[in-house]
Amino acid sequence: MTQGLSTRPANRDELSPLGFLHRAARFHGGRVATEHNGERLTYAEFDDRAARLAGALTEAGMKAGERVAVLAPNGPTVLAAHFGVPRSGSVLCAINTRLSEEEIVYIVGHSGARVLIFDPSLAGPAHAAAARHGVLAWEIGTDLEDRLARADPAGAPGGVPANEDDPIAVNYTSGTTGRPKGVLYTHRGAHLMALGAVLESGLDINSRYLWTLPMFHCNGWCYPWAVTSVAATHVLIERPDAEVVWQHLRDGVTHLCAAPTVLSALASHREAEPLDRPVTAVTAGAPPSPTLLAKLEALGIRVVHVYGLTETYGPATVCDWPAENDGLPAAERARLRARQGVPFTVGGEVRIVDKEMRDVPRDGNTLGEVILRGNTVMAGYLDDPEATAAAFVGGWFHSGDGGVMHPDGEIELRDRFKDVIISGGENISSIEIEQVLVRHPAVDDAAVVGMPHEYWGERPKAFVAIVDGADISAEELIAFAREHLAKFKVPDTVVFGPLPRTATGKVRKNLLREPGWAERFQPASEPEGPAS
């Protein structure tokens, strides 16, 4: 019988990742929390820094629910802000450091931030935002350190929130199709996602986590809280320079997160040599090619392939890896690792549905939209009820990503719906073409988009980055593609050069499309296509 049972102080705490730092400082206060440019902080010292930041914000008049923006590369201050800002009752808004001044000014204004903490290297856009919106600007360095020295570490509310559904952070989408939207994370969602990261990546107290992923991206997939939850060590670097990363890998780093483009740079770097112990690399952003996965495996880097969005606190699914898969041929292992897998342990449900929200067949072929629901889906978009309602039609979050469901229940992405190429009525996955192109040893990376065609409607065009020192012609690469693709999927055109990317490593395909759609080019002759 359950009559009369209720929650009491003895059997319930509101969920919040703030408790992770309290625990680490209390029971592992002498362990190294952070390493940055040769300097170390213990967990007791790191906790004090976060508490002082909370105290300084409280003394500045910040009230519960108000936003604090941070504009800085990875470092001790950004990490401390993940605890100090919410400890003051405020909401953290970590801003992409690679945005234009106009975009930064917009986000500071839209978020309603009252304080902006910024790195000196970003003083220009920080001062512009402060002047435009009347924001208090605190510069990292002497200015901020003086404020922390004066602050009372016991002067902030501290502890977990009264309601676990209170916001802890707001993260802005990339805005490639319009103004970026502010995605609201809650204390509950951040707590659970952090624990999911621990489970899926195998973090423990002896782990050394290298910060190759920007903390402004989905709060670093919640790893500021995940690594702290097990009192592991944060190894902080400002940017993922391949040579620096290899040095840290040889010096004992055990885990990192990175987009496939960063992993590709590691795999092809002159320092790349097999490690004497395994390293776990969690990757997402775009499906890594089987070719890249095979290279990393040979180097001793175990890839955990995940999938998610800003709206899902970062990763939402993971490619589970049973031990029996280790006995499969290398090509088969790489093919299976390229899947996006099953829901995170702490997540919820993931489906692939048609336009009427009916589940597509589990045949690994029928394309549908990825939809999700569960504990680690955003609370909504900041001050945008219409966009929130549109994202949650039918009680599920609609990702806009196209994928298939395999018979074993694993999902595999095929494309953003906006990136599917429709040629002569046939759907072509740009990802499928890209993965074939990068098999060629001269190709470092590739992006494929649909370009307008008067006869077929659209035809694939490939943009290709070549390995340093390699030499290949467009004709040779097209011939290579013909060996591995159906005739109608082979790109008509190949262009060589660097690929434009977002700060999180995603190719900006919208930029690749623009010239072609504007020019509405006429083909010299009618090429082969789906009907051939």
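Higher on the page you've got the structure.
Read on for a plain summary of the structure. These numbers come from a predicted model, not from an experiment.

Each value, and the rule that gives it
Residues numbered from 1 in each chain as written. Predicted model: local features only at pLDDT ≥ 70, side-chain atom pairs only at ≥ 80, totals over all residues. Heavy atoms only, no water. Helix = DSSP H or I, 4+ residues; strand = E, 2+ residues; numbered from the N terminus. Buried < 20%, exposed > 50% of the residue type's maximum accessible area, 1.4 Å probe, protein only. Polar contact = N/O pair within 3.5 Å; in protein donor to acceptor, adjacent residues only side chain to side chain. Core = buried A, V, L, I, M, F, W, Y, C linked by side-chain atoms within 4.5 Å. Contact = heavy atoms within 4.5 Å. Disulfide = S-S within 2.5 Å. Pairing = 2+ DSSP bridges. Axes fitted to C-alpha atoms, helices over the stretch in contact; angles between N-to-C directions. Salt bridge = Lys/Arg side-chain N within 4 Å of Asp/Glu carboxyl O. Lys, Arg positive; Asp, Glu negative; His and termini not counted. Arc of directions from axis to C-beta. Phe/Tyr/Trp six-rings, centres within 6.5 Å; stacked < 30°, edge-to-face > 60°. Lys NZ or Arg CZ within 6 Å of the ring centre and 35° of its normal.

Let's talk about the side chain of Arg351
So, step 1. For Arg351, the position within the fold is in strand E16 (residues 349-353).
So, step 2. Residue class for Arg351 comes out buried when judged on its relative accessible area of 18%.
So, step 3. A polar contact of 2.8 Å, which involves the side chain of Arg351, links it to the side chain of Asp359.

Description of the nonpolar core
So, step 1. Membership of the largest hydrophobic core comes to 79 residues, with the highest contact counts inside it found for Ile117 and Tyr223.
So, step 2. With residues up to four places along the chain from it excluded, the contact list for Tyr223 reads Ala197, Ser201, Leu203, Tyr209, Trp211, His234, Cys257 and Val282.
So, step 3. By size, the runner-up hydrophobic cluster in this structure holds 26 residues, among which are Leu210, Ile237, Ala242 and Leu275.

Section: the state of the cysteines
So, step 1. Throughout the structure, instances matching the rule amount to 0 disulfides.
So, step 2. The structure places no disulfide on Cys218, whose sulfur is separated from the nearest cysteine sulfur, that of Cys222, by 8.0 Å.
So, step 3. The exposure class of Cys218 is buried, given its relative accessible area of 2%.
So, step 4. Classification of Cys222 by relative accessible area gives buried; the value is 0%.

Thoughts on the environment of Lys489
So, step 1. Inspection of the secondary structure puts Lys489 in the loop between helix H16 (474-482) and strand E25 (493-496).
So, step 2. Once you skip the residues sitting within four places of it in the chain, Lys489 turns out to touch Ile428, Glu432, Ile433 and Pro460.
So, step 3. A distance of 2.9 Å separates polar atoms of two side chains, one belonging to Lys489 and the other to Glu432.

Notes on the sheet that holds strand E24 (residues 457-466)
So, step 1. As summarised here, the arrangement of the 3 strands in space is E23-E24-E25, forming an open sheet in which the pairing is mixed. Two strands close off the open sheet at either side, each with one partner strand: strand E23 (443-453) and E25. Going across the sheet, the axis of each strand differs from the next one's by a mean of 25°, ignoring polarity.
So, step 2. Sheet analysis places E23 next to E24, joined by 10 bridges and oriented antiparallel. Counted as the bridge partner of His453 is Gly457 from E24.
So, step 3. Sheet strands in contact with helix H15 (residues 430-437) are E23 and E24, and its direction is about 145° off that of E23.
So, step 4. Docked against the sheet, H16 engages E23, E24 and E25, running at close to 125° with respect to E25.

Here's the deal with the pattern of salt bridges
So, step 1. Tallied over the entire structure, the rule returns 25 salt bridges.
So, step 2. Among the ionic pairs, Arg358 bridges to Glu356, the shortest N-O distance being 3.1 Å.
So, step 3. Among the residues examined, Glu356 registers a relative accessible area of 53% and is labelled exposed.
So, step 4. Counted as one network, the salt bridges with shared partners bring together Arg12, Glu14, Glu164 and Arg188.

A look at the side chain of Arg337
So, step 1. Summarising the element assignment, Arg337 is placed in helix H13 (residues 330-337).
So, step 2. Glu297 provides the closest opposite charge to the buried, unpaired Arg337, separated from it by 4.4 Å.
So, step 3. With residues near it in sequence (within four places) discarded, Arg337 still touches Leu293, Glu297, Arg302, Val303, His305, Cys319 and Trp321.

Examining helix H12 (residues 290-298)
Note: α-helices contain 3.6 residues per turn, so residues at a spacing of three or four share the same orientation.
So, step 1. Taken together, the buried positions of H12 are Leu292, Leu293 and Leu296. In an axial view of H12, the angular spread of the buried residues amounts to 100°, which keeps them on one side of the axis.
So, step 2. Tucked into the core, H12 has its buried residues touching helix H11 (260-268), strand E13 (301-309) and H13.

Observations regarding the packing of aromatic side chains
So, step 1. This model, assessed by the stated rule, comprises 6 aromatic pairs.
So, step 2. For the pair Tyr43 and Phe46, a centre-to-centre distance of 6.4 Å together with 70° between the ring planes defines the contact as edge-to-face. Of this pair, Tyr43 and Phe46 both sit in helix H2 (residues 43-59), separated by 3 residues, roughly a single helical turn.
So, step 3. Judged by relative accessible area, Phe46 falls into the buried class, the value being 1%.
So, step 4. One aromatic cluster is present, formed by Tyr43, Phe46 and Phe83 through successive ring pairs.
So, step 5. If you follow Arg351 out to its NZ or CZ, it ends over the ring of Trp396, 4.8 Å from the centre.

Structural notes on the sheet that holds strand E17 (residues 368-373)
So, step 1. If you trace the 4 strands from one edge of the open sheet to the other, you get E16-E17-E19-E20, paired in antiparallel fashion. Lying at the two open borders of the sheet, with one neighbouring strand each, are E16 and strand E20 (411-416). Averaged over all adjacent pairs, the angle separating strand axes in this sheet is 45°, with direction ignored.
So, step 2. In terms of strand pairing, E16 meets E17 through 5 bridges, oriented antiparallel.

Digging into the pairing of strand E14 (residues 314-318)
So, step 1. Across the 5 residues that make up E14, a large majority, 5, are buried.
So, step 2. The hairpin formed by E13 and E14 contains 4 residues between the paired strands, and Tyr313 there has a positive phi angle of roughly 60°.
So, step 3. Summarising the sheet, E14 and strand E15 (residues 342-343) pair through 2 bridges and their orientation is antiparallel. Within the sheet, the bridge partner assigned to Val318 lies in E15 and is Val342.

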